[in-house]
Each structure stands twice: as structure tokens, then as C-alpha cells.
Amino acid sequence: MRKLLNTLFVTTPESYLSKDGQNVVVSVKSEEKFRIPIHNIEGIVCFGYMGASPGLVGLCAEHNVGLSFASENGWFLGRFTGRVNGNVLLRRKQYRMADNEKESLEIAKIVISGKMANCRNVLKRVVRDHSTAVNITAFEESVSILNKNLRSIKMAGNPNELRGYEGDGASAYFSVFDQMILHQKEHFFFKERSRRPPLDNVNALLSFVYILLMHEVTTALETVGLDPYVGFLHRDRPGRQSFALDIMEEFRPYLADRLVLSLINRKQVNHDGFVKQEPSGILMTDSTRKEVIKAWQKRKQESIVHPFLNEEVQIGLLPYVQVLLFARFLRGDLDNYPVFIMK
């Protein structure tokens, strides 16, 4: 159990939620583990919960505390709110800002700046940890391009110009991605990003982990009450969760790319787990997908100190923390959205 940004996160799967007066009580196997006054929180997010009492549901409705449920693996199940729903105002602000070209561009700049900064920091960490195994000059050139683009992003006058800087930065980052693959080079190599379909083992891994990340971010948006389909960088398109794709950008290098590299370099996956199948490109076997999901779930249990909150946070809760911070920005509680940048 952890309270962050006035939201209670219940991460112990055996937890049962109940009411005691004006308190939320969390019990595991009939033993009380945690309690908090209902007026101290704005929302509750439960992962793999055992149940919630009708009294607790009523208490949440009475105090307009959103009660969200997700599976143990982070798949969104549903959200309960009372009759008075402040999230209507939150979504209306989201829609107005998305329709305002100037405001939308400023948010898109923040999102891309976070992505570029995290790409740069991933490269700098590799140079620090594996200086004898990589071409330091090539990495320094890529870092220099990313730093230049970070400065240029602030001056972008329209979305197309911004996407140009993003594309230039991504090219610099991926130009040395293959060097970050230190083992199993015969079967795991990277030439360029290929999506539909993935044309090699590394791209197959990247695409699959990006899907996992996408679902995590979408669930976080749903629990807060924001619309995953209305974004700022990624514009409206039928069926596309544009806002989830926006929030994903800052996490791709830190959560997804680094996990893929670890899976390969630690030999947690091998070439036997990948099959070429036309026209679908490279597909992973069921056992390999399970291994990747296992590593993903394990990674989510690790903790870091959040750079903005300066609090210890489970990595799996980072999308929720960032979405909550974005909601505070929309409400006017924060002057700007504090994008997540890894240290």
C-alpha cells in the first residue's frame, strides 16, 4: 500500500478494502494492514484486489473518491465514481487544450523534450558503464545531436517542425542502438526501426514491450479519468489512443528500450524464441513472450526516487504518478507538466 499524490495504490493482490467510520481499511487475510481517512485521498487504485465492501464503495461515492480496479498485471478493469464527477471538468480542460494549437504545441514540446533527454541519458549511462565495449566517439556525436535538438525543440513554431527535431533525435539515438547490444550479436542486431511487421528479433522485442507500456499508460489515464484518445503530440485518429502515445514517449527509452537490451545482454531470451512468419515478420514464441512479461513485471517491482517528487516510487507506478501530475497541471495546480527524466 502506498499513498502518492493523494492517491492510494493497493498493490498487494490479497488485499480486501472495507470501511470503518470515515476510514478506508486495507486488510490481508483478515488482518488490518493499512488505514487512512477518506478525506485524505482523491482516488484509490487497486491491483489484483480480493474485493471491496459495499460500505467502502458507498463511502467513496459520498466523498467523490474514484475507485479504480486493474488486474495484477496492470490491465484496466473498470472505474467507479459517484454522481458528482470532477473528471468531467478535467476532461473538458483536456479537450479545450488539445483543440488550442498553441497550448497543444507547448505540451508536445514538453513530451518530446522528455523523450530526447531520456534517450541522451540512456546513451550516457552506456558510455559510463561499458566504455571499453562501445565506440565512444559515435555515442558522443549522438549525445551532441540530442542536446542540440533539445535546445531547438523550445523554438519549434509548429508541429511539423517539432516532429522534424524528434525524427532527427530518434535517428541519432538509434544509430548507436546496435552497439548497446553487447551479447548474442549473431542473432540480435539492430539496423533500423521496423514496426509493421518487425523484421528482426530486436524490433520484435521492442514492439512487444511498447505494447506492454502502452497498456500501462492507458490504464493510468483511465484511472485518473483522462481520455486516452485525445492527445497533443499525436493527433486524433479513429481508434488511436493518442494521449497514451504522448505519455509513452518519455518512458520509451527508460522503461522499454533498457528492458529489451537487458533481456538480450543477460541472455534471458535467445534466438530460438523467434520465428520468421510471412507476412507477419518476426514473431516471438509463447515461452519467450512469457519470459518478457515476467521480466517486465519484475522490473515494475523495483523502486527509484522520483526526480520531481523526491519520493521513493515503484517503477510500475511511474505512469500513474506522471498522469496524476498531468491532471494537476490541467487543473492549474502546477505551472507546467514535470515530465519524467531519468537520472
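The structure we're discussing is the one just above.
Conventions we followed
- Residues numbered from 1 in each chain as written.
- Predicted model: local features only at pLDDT ≥ 70, side-chain atom pairs only at ≥ 80, totals over all residues.
- Heavy atoms only, no water.
- Helix = DSSP H or I, 4+ residues; strand = E, 2+ residues; numbered from the N terminus.
- Rg over C-alpha atoms; globule rule 2.2 N^0.38 Å.
- Buried < 20%, exposed > 50% of the residue type's maximum accessible area, 1.4 Å probe, protein only.
- Contact = heavy atoms within 4.5 Å.
- Areas by Shrake-Rupley, 256 points an atom, 1.4 Å probe, with all protein chains shown as cover.
- Lys, Arg positive; Asp, Glu negative; His and termini not counted.
- Charge placed at Lys NZ, Arg CZ, Asp CG, Glu CD.
- Core = buried A, V, L, I, M, F, W, Y, C linked by side-chain atoms within 4.5 Å.
- Pairing = 2+ DSSP bridges.
- Axes fitted to C-alpha atoms, helices over the stretch in contact; angles between N-to-C directions.
- Salt bridge = Lys/Arg side-chain N within 4 Å of Asp/Glu carboxyl O.
- Parallel < 35°, antiparallel > 145°, perpendicular 65-115°, else oblique.
- Left-handed = near helix turned anticlockwise from the far one by under 90°.
- Polar contact = N/O pair within 3.5 Å; in protein donor to acceptor, adjacent residues only side chain to side chain.

Q: Lay out the overall build of the protein with the relevant residues and their values.
A: Along the protein, the regular secondary structure elements total 10 helices and 13 strands. For a compact globule of 343 residues, the expected C-alpha radius of gyration is about 20 Å, and the protein comes in at 21 Å, within 12% of that figure. Seen through its principal axes, the protein has C-alpha atoms that stretch 65 × 45 × 40 Å. Each of the 343 residues in the protein was classed as buried or not, and the buried ones make up 52%. Put simply, of all contacts in the protein between residues at least 6 apart along the chain, 60% involve residues at least 24 apart. Accessible area of the protein: about 16,400 Å², with a carbon and sulfur share of 49%. Charged side chains in the protein number 45 positive and 38 negative. The centres of these two groups are separated by 1 Å.

Q: Before we move on, could you go through the nonpolar core and cite the residues and values that matter?
A: One finds Phe177, Met180, Leu205, Val292 and Phe326 to be the most contacted residues of the largest nonpolar core, which totals 97 residues. For this core, the element with the highest residue contribution is helix H6 (residues 201–224), accounting for 14 residues. The contacts of Val292, once residues within four sequence positions are left out, are Leu205, Phe208, Val209, Leu212, Leu263, Val269 and Met284. Leu59, Cys60, Leu67 and Phe69 belong to the second-largest nonpolar core, a separate cluster that totals 16 residues.

Q: Lay out the environment of Ser30 with the relevant residues and their values.
A: When you line up the elements, Ser30 lands in the loop between strand E4 (23–28) and strand E5 (31–37). Ser30 gets classed as exposed once you look at its relative accessible area, which sits at 78%. Ser30 sits 16 residues away from Glu14 along the chain, and the two C-alpha atoms are 9.9 Å apart.

Q: Break down the sheet that holds strand E3 (residues 15–20) for me, with residues and values.
A: The 4 strands are arranged E5-E4-E3-E7 in an open sheet whose pairing can be described as mixed. The strands lining the two open edges of the sheet, one partner per strand, are E5 and strand E7 (51–52). By the bridge criterion, 2 bridges tie E3 to E7 in an arrangement that is parallel. In the strand pairing of E7, Tyr16 is matched with Gly51. Contacts between helix H1 (residues 54–62) and the sheet are confined to E3, E4 and E7, with E3 contributing the most and set at about 65° to the helix.

Q: Explain the environment of Lys148 residue by residue, including any values.
A: Considering the arrangement of structural elements, one finds Lys148 in helix H4 (residues 136–153). In this structure Lys148 comes out as exposed when scored by relative accessible area, which is 53%. When the C-alpha atoms of Lys148 and Asp168 are compared, they prove to be 10 Å apart, with 20 residues separating the residues in sequence.

Q: Mind laying out the pattern of salt bridges, listing which residues take part and the relevant values?
A: Taken as a whole and assessed by the stated rule, the structure comprises 13 salt bridges. For Arg35, the salt bridge goes to Glu32, with nearest N and O atoms at 2.8 Å. Judged by its relative accessible area of 42%, Glu32 falls in the partly exposed class. Between Arg128 and Asp129 there is a salt bridge whose closest N-O contact spans 3.1 Å.

Q: Which residues make up the packing of H6 against helix H8 (residues 252–265), and what are the values?
A: Two numbers describe how H6 lies on H8: the axes approach to 10 Å, and their chain directions differ by 135°. When the axis of H6 is compared with that of H8, the two are oblique. Remark: the crossing between H6 and H8 carries right-handed chirality. Residues Val202, Leu205, Leu206, Val209, Tyr210 and Leu213 of H6 pack against Arg252, Leu255, Ala256, Asp257, Leu259, Val260, Leu263 and Ile264 of H8.

Q: How would you explain the environment of Val313 if you had to name every residue and give the values?
A: By the element assignment, Val313 lies in strand E13 (residues 312–314). As a C-alpha pair, Val313 and Leu4 span 309 residues in sequence and 8.4 Å in three-dimensional space. Apart from residues no more than four positions distant in its own chain, Val313 is found in contact with Arg2, Leu4, Glu302, Ser303, Ile304, His306, Leu318 and Val321.

Q: Tell me about the side chain of Arg252, and name the residues and values.
A: Within the fold, Arg252 resides in helix H8. Among the polar contacts listed, one links the side chain of Arg252 to the side chain of Glu249, at a separation of 3.4 Å. Sequence-distant contacts of Arg252, defined by excluding residues within four places in its chain, comprise Tyr210, Leu213, Leu245 and Asp257.

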